[in-house]
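Given next are the chains, with one letter for each unit.
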Amino acid sequence: MKALEIAKTIGEAQKNRTLLPAFTTAHPELTVETAYQVQDILMEEALARGETIVGYKMGLTSRAKQQDVGVYSAIHGFLVGSGSLSKGSVVPSARFRQPRVEPEIAVILDRTLTEPVPTLSSVRAALRWVGPAAELLDSRYENYQFKLPDVIADNTSANAFILGSSQWIDQLEEMRLFGVQLKKNGQRIDTGCAAATFGDPLLSVLELIQELGKRGKRLEAGQVVLTGGITASTPLAPGDFIEILWPGETLSFSYV
Ligand code: OOG
Ligand code: MG
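Keep in mind that what you see is a predicted model, and the values were worked out from it rather than measured.

Once that is clear, we can look at the sheet that holds strand β9 (residues 187-193). Read from one edge to the other, the open sheet built from five strands follows the order β4-β13-β12-β8-β9, with strand pairing classed as mixed. The two strands at the open ends of the sheet, each matched to only one other strand, are β4 (90-91) and β9. As judged from the six bridges shared by strand β12 (residues 241-246) and strand β13 (residues 249-255), these two strands associate in the antiparallel manner. Across the sheet, residue I244 finds its bridge partner in β13, namely L251.

Coordination of the magnesium ion (ligand 2) by the protein involves E102 (OE), E104 (OE) and E135 (OE), with metal-donor separations of 1.9 to 2.0 Å. Written as a sequence motif, the donor arrangement for the magnesium ion (ligand 2) is E-x1-E-x30-E. Residue E102 is located in strand β5 (residues 99-109), and its partner E135 is located in strand β6 (residues 127-138); the two are separated by 33 residues in the primary sequence. Take E102 and E135: they sit in the same class, and that class is buried.

A word on the side chain of T197. Tracing the backbone shows T197 in the loop between β9 and α8 (201-214). What makes T197 buried here is its relative accessible area of 1%. With residues near it in sequence (within four places) discarded, T197 still touches T61, S62, T227, G228, G229 and I230.

So, about the site of ligand 1. Surrounding ligand 1, one finds 17 residues, the nearest of these being L60, K65, E102, S157 and G229. Between S157 and ligand 1, the recorded distance is 2.6 Å, taken from a side-chain N or O atom to an oxygen atom. Look at ligand 1: alone it shows 320 Å² of surface, and the protein chains cover 100% of it. Placement of ligand 1 is best described as lying within the largest cavity. Those elements that place two or more of their residues in the shell around ligand 1 are β1 (53-59), α4 (63-69), β5 and β6. Top contributing element to the shell around ligand 1 by residue count: β1, with three residues. Taken together, the residues of the shell around ligand 1 break down into seven nonpolar, five polar and five charged.

Because side chains alternate across strand β8 (residues 179-184), one face comprises the buried residues V180, L182 and K184, and the other comprises G179, Q181 and K183, none of which is buried. Pairing geometry for β8 and β9, over six bridges, is antiparallel. In the strand pairing of β9, V180 is matched with G192. Here β8 folds back onto β9 in antiparallel fashion, the turn holding two residues, of which N185 has a positive phi close to 50°. In this sheet, β12 lies alongside β8 in antiparallel orientation, the contact comprising four bridges.

What counts, and where the lines are drawn
Residues numbered from 1 in each chain as written. Chains lettered and ligands numbered in written order. Predicted model: local features only at pLDDT ≥ 70, side-chain atom pairs only at ≥ 80, totals over all residues. Heavy atoms only, no water. Pairing = 2+ DSSP bridges. Helix = DSSP H or I, 4+ residues; strand = E, 2+ residues; numbered from the N terminus. Donors = N, O, S within 2.8 Å, 3.2 Å for Na, K, Ca; no water. Buried < 20%, exposed > 50% of the residue type's maximum accessible area, 1.4 Å probe, protein only. Contact = heavy atoms within 4.5 Å. Near = heavy atom within 4 Å. Polar contact = N/O pair within 3.5 Å; in protein donor to acceptor, adjacent residues only side chain to side chain. Areas by Shrake-Rupley, 256 points an atom, 1.4 Å probe, with all protein chains shown as cover. 1 Å grid on protein atoms, 1.4 Å probe; cavity = no way out; pocket = protein on both sides within 12 Å on 5 of 7 lines; lining within 4 Å. Sits in = over half its atoms within 2 Å of the grid points. Nonpolar A, V, L, I, M, F, W, Y, C, P; charged D, E, K, R; others polar.

Put into C-alpha coordinates, the structure is as follows:
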(Lines give C-alpha, C1' and ligand atoms only; values in the text may rest on other atoms or scores of the structure.)
(Ligands and ions follow the chains in the order given, each with its own letter.)
Protein backbone atom coordinates (compact mmCIF):
# COMPACT_ATOMS: atom_id res chain seq x y z
CA MET A 1 0.00 0.00 0.00
CA LYS A 2 1.32 3.44 -0.96
CA ALA A 3 1.84 6.22 1.58
CA LEU A 4 -0.49 8.54 -0.33
CA GLU A 5 -3.36 6.05 -0.23
CA ILE A 6 -2.92 5.44 3.51
CA ALA A 7 -2.71 9.18 4.20
CA LYS A 8 -5.95 9.70 2.28
CA THR A 9 -7.74 6.99 4.26
CA ILE A 10 -6.49 8.37 7.58
CA GLY A 11 -7.25 11.97 6.59
CA GLU A 12 -10.85 11.07 5.71
CA ALA A 13 -11.29 9.07 8.92
CA GLN A 14 -10.00 12.07 10.90
CA LYS A 15 -12.39 14.39 9.15
CA ASN A 16 -15.41 12.12 9.59
CA ARG A 17 -14.34 10.88 13.02
CA THR A 18 -14.60 7.27 11.93
CA LEU A 19 -12.41 4.37 13.05
CA LEU A 20 -10.23 2.14 10.91
CA PRO A 21 -8.87 -1.39 11.12
CA ALA A 22 -5.08 -1.49 11.41
CA PHE A 23 -3.51 -1.32 7.93
CA THR A 24 -0.99 -4.03 8.84
CA THR A 25 -3.78 -6.62 9.14
CA ALA A 26 -4.36 -6.60 5.37
CA HIS A 27 -0.88 -5.24 4.53
CA PRO A 28 1.69 -6.83 6.83
CA GLU A 29 4.43 -5.57 4.51
CA LEU A 30 3.81 -1.95 5.56
CA THR A 31 7.13 -0.51 6.76
CA VAL A 32 8.06 2.10 9.35
CA GLU A 33 9.64 4.12 6.54
CA THR A 34 6.38 4.25 4.59
CA ALA A 35 4.54 5.10 7.80
CA TYR A 36 6.72 8.17 8.38
CA GLN A 37 6.07 9.17 4.75
CA VAL A 38 2.35 9.03 5.59
CA GLN A 39 3.05 11.40 8.51
CA ASP A 40 4.83 13.79 6.15
CA ILE A 41 1.78 13.85 3.89
CA LEU A 42 -0.55 14.37 6.87
CA MET A 43 1.67 17.25 8.01
CA GLU A 44 1.46 18.91 4.57
CA GLU A 45 -2.31 18.48 4.63
CA ALA A 46 -2.51 19.99 8.12
CA LEU A 47 -0.50 23.00 6.92
CA ALA A 48 -2.76 23.31 3.87
CA ARG A 49 -5.79 23.38 6.23
CA GLY A 50 -4.22 26.36 8.00
CA GLU A 51 -2.82 24.44 10.97
CA THR A 52 0.55 25.39 12.41
CA ILE A 53 3.09 22.81 13.53
CA VAL A 54 3.76 23.77 17.14
CA GLY A 55 6.03 20.91 18.04
CA TYR A 56 6.65 17.19 18.17
CA LYS A 57 5.92 14.31 20.48
CA MET A 58 7.83 11.23 21.40
CA GLY A 59 5.76 8.16 22.15
CA LEU A 60 6.30 4.74 23.70
CA THR A 61 9.33 5.93 25.65
CA SER A 62 8.25 4.21 28.89
CA ARG A 63 7.63 0.57 29.66
CA ALA A 64 4.16 1.48 30.95
CA LYS A 65 3.17 2.99 27.60
CA GLN A 66 4.73 0.19 25.57
CA GLN A 67 2.72 -2.35 27.55
CA ASP A 68 -0.36 -0.10 27.27
CA VAL A 69 -0.52 -0.59 23.50
CA GLY A 70 1.69 -3.66 23.00
CA VAL A 71 4.23 -1.86 20.80
CA TYR A 72 7.80 -1.89 22.01
CA SER A 73 9.65 0.86 20.09
CA ALA A 74 9.82 4.60 20.57
CA ILE A 75 8.02 6.64 17.90
CA HIS A 76 7.52 10.32 17.11
CA GLY A 77 4.81 12.50 15.63
CA PHE A 78 3.92 16.17 15.20
CA LEU A 79 1.68 18.54 17.19
CA VAL A 80 -0.73 21.03 15.63
CA GLY A 81 -1.65 24.47 16.96
CA SER A 82 -5.37 23.74 17.29
CA GLY A 83 -4.47 20.93 19.70
CA SER A 84 -2.81 23.28 22.17
CA LEU A 85 -5.38 23.57 24.99
CA SER A 86 -5.12 25.64 28.16
CA LYS A 87 -4.69 24.39 31.65
CA GLY A 88 -7.81 24.39 33.81
CA SER A 89 -9.99 24.71 30.74
CA VAL A 90 -12.83 22.55 29.64
CA VAL A 91 -11.90 20.05 26.95
CA PRO A 92 -14.75 19.57 24.46
CA SER A 93 -15.49 16.00 23.37
CA ALA A 94 -16.44 17.23 19.89
CA ARG A 95 -12.77 17.06 18.95
CA PHE A 96 -12.38 13.37 19.82
CA ARG A 97 -13.65 9.91 19.04
CA GLN A 98 -11.98 7.62 21.60
CA PRO A 99 -9.78 9.90 23.69
CA ARG A 100 -7.26 8.85 26.29
CA VAL A 101 -5.10 11.04 28.50
CA GLU A 102 -1.60 10.50 29.88
CA PRO A 103 0.82 12.49 32.05
CA GLU A 104 4.02 13.65 30.40
CA ILE A 105 6.88 16.09 30.78
CA ALA A 106 7.16 18.74 28.07
CA VAL A 107 10.20 20.68 26.93
CA ILE A 108 10.78 23.81 24.87
CA LEU A 109 14.24 24.70 23.57
CA ASP A 110 15.49 28.23 23.14
CA ARG A 111 17.48 27.50 20.01
CA THR A 112 17.79 24.85 17.33
CA LEU A 113 20.59 22.38 17.96
CA THR A 114 22.62 22.27 14.77
CA GLU A 115 25.66 20.21 15.78
CA PRO A 116 25.92 16.89 13.90
CA VAL A 117 25.76 14.85 17.11
CA PRO A 118 23.85 16.73 19.83
CA THR A 119 24.38 15.55 23.40
CA LEU A 120 22.39 15.60 26.59
CA SER A 121 24.45 18.56 27.77
CA SER A 122 23.64 20.50 24.60
CA VAL A 123 19.94 19.82 25.20
CA ARG A 124 20.30 21.01 28.80
CA ALA A 125 22.17 24.14 27.73
CA ALA A 126 19.48 25.00 25.17
CA LEU A 127 16.45 24.61 27.47
CA ARG A 128 13.90 27.38 27.62
CA TRP A 129 11.26 25.51 29.62
CA VAL A 130 10.62 22.09 31.07
CA GLY A 131 7.49 21.26 33.03
CA PRO A 132 4.37 19.11 33.32
CA ALA A 133 1.98 18.31 30.49
CA ALA A 134 -1.00 16.18 29.62
CA GLU A 135 -1.35 14.54 26.25
CA LEU A 136 -4.81 13.77 24.86
CA LEU A 137 -4.59 10.94 22.40
CA ASP A 138 -7.15 9.87 19.81
CA SER A 139 -6.27 6.84 17.75
CA ARG A 140 -7.94 6.22 14.38
CA TYR A 141 -7.79 2.48 15.12
CA GLU A 142 -10.61 0.90 17.03
CA ASN A 143 -9.62 0.30 20.67
CA TYR A 144 -6.05 1.38 19.92
CA GLN A 145 -5.42 -1.95 18.21
CA PHE A 146 -2.39 -1.32 16.02
CA LYS A 147 1.14 -2.36 15.20
CA LEU A 148 4.19 -0.13 14.97
CA PRO A 149 3.75 1.08 11.34
CA ASP A 150 0.01 1.73 11.89
CA VAL A 151 0.50 4.01 14.89
CA ILE A 152 3.29 5.94 13.17
CA ALA A 153 1.10 6.45 10.09
CA ASP A 154 -1.67 7.76 12.38
CA ASN A 155 0.74 10.46 13.63
CA THR A 156 1.20 8.45 16.85
CA SER A 157 -2.44 8.99 17.94
CA ALA A 158 -1.65 12.71 18.46
CA ASN A 159 -4.57 15.05 18.97
CA ALA A 160 -4.17 17.62 21.76
CA PHE A 161 -2.06 18.58 24.75
CA ILE A 162 -2.06 20.86 27.77
CA LEU A 163 1.06 22.43 29.25
CA GLY A 164 1.39 23.18 32.96
CA SER A 165 2.99 26.31 34.32
CA SER A 166 5.77 24.99 36.59
CA GLN A 167 9.32 25.65 35.44
CA TRP A 168 11.71 22.84 36.40
CA ILE A 169 14.81 24.11 34.61
CA ASP A 170 16.74 24.56 37.87
CA GLN A 171 15.79 21.09 39.14
CA LEU A 172 16.82 18.84 36.28
CA GLU A 173 18.44 16.20 38.52
CA GLU A 174 15.56 16.13 41.03
CA MET A 175 13.02 16.20 38.21
CA ARG A 176 14.07 12.75 37.01
CA LEU A 177 12.64 11.33 40.22
CA PHE A 178 9.55 13.52 40.41
CA GLY A 179 6.46 11.42 40.99
CA VAL A 180 3.11 11.86 39.29
CA GLN A 181 -0.40 10.70 40.15
CA LEU A 182 -3.09 10.42 37.52
CA LYS A 183 -6.58 10.81 38.97
CA LYS A 184 -9.96 10.51 37.31
CA ASN A 185 -13.05 11.73 39.15
CA GLY A 186 -11.06 11.80 42.38
CA GLN A 187 -9.80 8.23 42.05
CA ARG A 188 -6.15 7.36 41.60
CA ILE A 189 -5.80 5.58 38.27
CA ASP A 190 -2.03 5.27 38.10
CA THR A 191 1.23 6.65 39.45
CA GLY A 192 4.64 7.04 37.86
CA CYS A 193 8.01 8.66 37.96
CA ALA A 194 9.59 10.99 35.39
CA ALA A 195 12.49 8.57 34.96
CA ALA A 196 10.04 6.13 33.35
CA THR A 197 10.79 7.88 30.06
CA PHE A 198 14.30 6.72 29.11
CA GLY A 199 15.56 7.36 32.67
CA ASP A 200 15.50 11.09 31.92
CA PRO A 201 12.86 12.90 29.84
CA LEU A 202 15.61 15.02 28.28
CA LEU A 203 17.00 11.87 26.64
CA SER A 204 13.70 11.66 24.83
CA VAL A 205 14.29 15.16 23.42
CA LEU A 206 17.74 14.06 22.30
CA GLU A 207 16.31 11.00 20.57
CA LEU A 208 13.67 13.15 18.86
CA ILE A 209 16.32 15.54 17.51
CA GLN A 210 18.31 12.59 16.18
CA GLU A 211 15.28 10.96 14.57
CA LEU A 212 14.12 14.22 12.98
CA GLY A 213 17.67 14.76 11.70
CA LYS A 214 17.57 11.38 9.94
CA ARG A 215 14.48 12.60 8.09
CA GLY A 216 15.91 15.98 7.17
CA LYS A 217 13.82 17.80 9.76
CA ARG A 218 14.71 19.77 12.84
CA LEU A 219 13.23 20.93 16.09
CA GLU A 220 12.86 24.71 15.97
CA ALA A 221 13.36 27.06 18.89
CA GLY A 222 10.08 27.55 20.73
CA GLN A 223 8.47 24.31 19.54
CA VAL A 224 6.96 22.05 22.19
CA VAL A 225 8.27 18.52 22.74
CA LEU A 226 6.13 15.98 24.58
CA THR A 227 8.63 13.47 25.90
CA GLY A 228 6.26 10.50 26.24
CA GLY A 229 3.61 9.11 28.57
CA ILE A 230 4.90 8.18 32.01
CA THR A 231 2.01 5.94 33.02
CA ALA A 232 -0.46 4.03 30.87
CA SER A 233 -3.13 6.30 29.40
CA THR A 234 -6.71 6.32 30.68
CA PRO A 235 -9.89 6.69 28.57
CA LEU A 236 -11.97 9.88 28.79
CA ALA A 237 -15.77 10.01 28.83
CA PRO A 238 -17.90 13.17 28.92
CA GLY A 239 -18.24 14.33 32.52
CA ASP A 240 -14.78 13.12 33.57
CA PHE A 241 -12.59 15.35 35.71
CA ILE A 242 -8.87 14.66 35.34
CA GLU A 243 -6.14 15.68 37.77
CA ILE A 244 -2.45 15.13 37.16
CA LEU A 245 -0.60 15.79 40.40
CA TRP A 246 3.09 16.72 40.32
CA PRO A 247 5.23 18.25 43.06
CA GLY A 248 4.02 21.85 43.27
CA GLU A 249 1.37 21.66 40.54
CA THR A 250 -1.85 19.89 39.73
CA LEU A 251 -2.82 20.01 36.09
CA SER A 252 -6.56 19.49 35.81
CA PHE A 253 -9.33 19.68 33.26
CA SER A 254 -12.94 18.70 32.72
CA TYR A 255 -13.88 16.67 29.68
CA VAL A 256 -17.35 17.67 28.55
C1 OOG B 1 0.47 5.78 20.91
C2 OOG B 1 1.10 7.08 21.29
C3 OOG B 1 2.06 6.93 22.42
C4 OOG B 1 3.19 8.10 24.36
O5 OOG B 1 3.34 9.14 25.01
O6 OOG B 1 3.72 7.04 24.67
C7 OOG B 1 2.31 8.18 23.18
C8 OOG B 1 -0.78 5.48 21.73
O9 OOG B 1 -0.68 5.21 22.94
O10 OOG B 1 -1.85 5.50 21.13
O11 OOG B 1 1.83 9.24 22.91
MG1 MG C 1 2.01 10.63 24.62
